[in-house]
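Examination of the molecular architecture
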Amino acid sequence: MSRHTYLAQRKGSANWYFKVKVPRDLVAAFGREQVWKSLRTSELAEAKRRVRDEADAFDKQCRTMRDRATKDGQDTVGSVALTSLSEAAIHKMVADWFDTLTVKRERRHAVAVPIDRDEALIALDQDEGALYDPNDLGLDAAYQTAVRLLKANDVRLVRRKLDPIRTAGSPMRFVVAHDDAASDQFRQLLALLRRGQIEDIHRSRARLTGDYQDRSFDPVFQPRAEPGGKTLAEAIAAFRAEPQRATLIAKSQQTYDVVFRLAGELFGTDRPIREIGREDCKTFRATVQALPPNAAKRFPGRTLVEVARLKQPISDRLHTTTVNHYVHGLSALMNYAHHEGWIVQNPGKGLAIKGVKKRHRRDPFTAAELTKIFQAPLFTGCLDDQNGYAKLGPNRPRRGRFWIPLVGLYTGMRQGEIAQLRTEDVRLFQGILCIFIAADGDDVDEADRKRVKTEAGERYVPVHSVLERIGFAQHVERMRTAGTERLFPDIVRGADGYFSPFSKWFSRFLAEAGVKRDRNAFHSFRHTFRDAMREASVPPDVVTALGGWVRGGLEEHYGSGRITAPVLQEHMRRIRYDGLDLSHLTHL
């Protein structure tokens, strides 16, 4: 026959006793840790009947003490009994706690990657091992977290003075009552908190090893469904609707078109964007790497995914730089979704292919190369300035292809800055004929909009005396008289929004002139102009003003920063190119 839990006998006595351990929160009130009370019988059956009455009386006494403490407001806090919590309420409590843990983890990983990743992984392994160790279940951390959660949810806790030696510096002012600590509810709470700690370790390990998928390792901590969670299509539409996207040049818009088309094919436009993970983004990159240039045009009627499966020769695939452009485009979308709060982490971050060589810095033209350029048939006599520009002939057309290289050499302006000029951009200012370089506002049609590379690029440049002698002012006046808005209407933009047709033509022109090298292009005129200013000892402030460069020093914030046109013209007169003879252009 089994004995009652509270039955005990003392050595040397035949009588039975009621024996019970005092709850820890009531030890001070009882003045002892155990209660012994004689049942005044040696008969076991009678002792079992009497012990039930004593147990009921003891429970009533404990409740009375706790009720008194609650009324006094000294020893307990909270009004909700822990044993009254439902399983769903405990799960929600832990889920809310894990959400805050997730936010802290993502912020931690967003700040910086640990200097020693291996050490960080070893530390995580040790933490996880301790949680699985039956002799060390991390109860201390789970217990403290549980007390904080219970207090935040108004669950009744006991306010007691903790052992000052064992808990020195501990912020814990409350504990769970003995009876509550033995309850199924508290055991469930502790078990879920330990599972949450293990889940946090697994996710941290995934981040350190490059896995940015928004997924769980424990089904209890599956990402909770968010009302109105964005689909890929909705995220793309919101991304495109951002005001700054409206000002993108056509080439950038075309890049995004390809990115979003391929993402839709691979992931599905109706797929929630939070379900697109790291492996999906890697698949996107691999697909782009398998694409040939101009895939949509070369394979009409096929999807990009189908074209990628054709396994084109490596020599007929996109250059690595272009692949990275598309990867950056996907990452930009995911980064936008992250900032909007639709995903917890950008899964496309850091997927650009490493080791891609940056474009070489352009070299300036040498004096010999400048001579060959401006002694070419286009400047001495050609058939025409179209297909016959490199063939000797009787004509000397003075349109865009003639003027743009000359303006580049004597102003240092970028190719696009010159090609987009309007007749109104060349005018007298402070008595000096100047070229004004400025961007248009949003009220100008995208196809005709003028742009500058940087804010410092907005400037004015006096027309060099050599350009005046060659007849630049007369060309401007002819265009005005003809009612032409643009100064070089024969130079058109390409589908990418840039003046790329001229750029490609000029590369062929340099080859025909016998001066084409890997490190020279139209931009070499800008480097040549910069060298000429060095030779003329042009002051740094004037160099910055003429070239539109940013110096970045503190002195930039003092004064108006604007140098008068007469001062700029005085320095422009000192810029020359020794050995370059353009008399055949000025005699006309």
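Residues numbered from 1 in each chain as written. Predicted model: local features only at pLDDT ≥ 70, side-chain atom pairs only at ≥ 80, totals over all residues. Heavy atoms only, no water.

Here we look at the overall build of the chain
Across its full length, the chain carries 24 helices and 9 strands. Counting contacts in the chain only where the partners sit at least 6 residues apart, residues at least 24 apart contribute 69% of the total. For the chain, the computed accessible surface area is about 32,500 Å², with 50% contributed by carbon and sulfur atoms. (Helix = DSSP H or I, 4+ residues; strand = E, 2+ residues; numbered from the N terminus. Contact = heavy atoms within 4.5 Å. Areas by Shrake-Rupley, 256 points an atom, 1.4 Å probe, with all protein chains shown as cover.)

Overview of helix α23 (residues 565-572)
Regarding α23, the residues found buried are Ala565, Leu568, Gln569, His571 and Met572. The buried side chains of α23 occupy one side of the element, clustering within an arc of 165 degrees when seen end-on. Summarising the contacts, the buried residues of α23 are in contact with α16 (400-411), β7 (426-429), β8 (432-437), β9 (459-462), α21 (524-535) and α22 (540-547). (Buried < 20%, exposed > 50% of the residue type's maximum accessible area, 1.4 Å probe, protein only. Arc of directions from axis to C-beta.)

Considering the pattern of salt bridges
Working definition: two side chains of opposite charge can pair if their charged atoms are close together. Across all of its chains, the model carries 23 salt bridges by this definition. Note that Lys37 and Glu54 form a salt bridge whose closest N and O atoms lie 3.3 Å from each other. Of this pair, Lys37 sits in strand β3 (residues 34-38) while Glu54 is found in helix α2 (residues 44-72), placing the two residues 17 residues apart along the sequence. Note that Glu46 and Arg50 form a salt bridge whose closest N and O atoms lie 2.9 Å from each other. One end of the pair is Glu46 and the other is Arg50, both in helix α2 and 4 residues apart, which spans about a single turn. What makes Glu46 partly exposed here is its relative accessible area of 23%. Here the residues in one salt-bridge network are Asp363, Glu369, Arg517 and Arg519, joined through shared partners. (Salt bridge = Lys/Arg side-chain N within 4 Å of Asp/Glu carboxyl O.)

Digging into the packing of aromatic side chains
A complete count under the given rule lists 31 aromatic pairs for this structure. An angle of 85 degrees between the planes, with centres 5.7 Å apart, marks the rings of Phe239 and Phe260 as edge-to-face. Here Phe260 lies in helix α9 (residues 250-267) and Phe239 lies in helix α8 (residues 232-241), a separation of 21 residues in the sequence. For Phe260, a relative accessible area of 7% corresponds to the buried category. Where Phe239 meets Tyr336, the ring centres are 5.6 Å apart and the plane angle is 75 degrees; that geometry is what we call edge-to-face. With a gap of 97 residues between them, Phe239 in helix α8 and Tyr336 in helix α13 (residues 320-339) connect regions that are remote in the sequence. A residue is classified by how much of its surface remains accessible, and Phe239, at 1% relative accessible area, is buried. The ring of Tyr17 has Arg10 lying over it, and the distance from NZ or CZ to the ring centre is 5.2 Å. Lying across the ring of Phe436, Arg427 places its NZ or CZ 3.9 Å from the centre. (Phe/Tyr/Trp six-rings, centres within 6.5 Å; stacked < 30°, edge-to-face > 60°. Lys NZ or Arg CZ within 6 Å of the ring centre and 35° of its normal.)

Brief notes about the pairing of β7
In this structure, β7 lies alongside β8, joined through 4 bridges in antiparallel fashion. The partner of Arg427 across the bridge, within β8, is Cys434. With antiparallel pairing between neighbouring strands as the criterion, β7 and β8 make up a hairpin whose turn holds 2 residues, including Gln430 at a positive phi of roughly 55 degrees. (Pairing = 2+ DSSP bridges.)

Observations concerning the sheet that holds β9
The strand order across the open sheet built from 3 strands is β7-β8-β9, with neighbouring strands paired in antiparallel fashion. Each having just a single partner strand, β7 and β9 make up the two edges of the open sheet. Pairwise comparison of adjacent strand axes, ignoring direction, gives a mean angle of 45 degrees for this sheet. Packed on one face of the sheet, helix α19 (residues 472-481) meets β7 and β8 and runs near 115 degrees to β7. (Axes fitted to C-alpha atoms, helices over the stretch in contact; angles between N-to-C directions.)

With respect to the nonpolar core
Counting residues in hydrophobic clusters, the biggest one holds 66 residues, and the most contacted among them are Phe374, Leu406, Phe472 and Phe509. Of the residues forming this core, the biggest block, 7 residues, is contributed by α16. If we skip the residues at most four places from it in the chain, Leu406 touches Phe374, Phe379, Leu467, Ile470, Leu582 and Leu585. One finds Phe267, Ala290, Ala295 and Trp342 within the second-largest nonpolar core, a separate group that totals 35 residues. (Core = buried A, V, L, I, M, F, W, Y, C linked by side-chain atoms within 4.5 Å.)

These results come straight from atomic positions and should not be treated as a statement about function.
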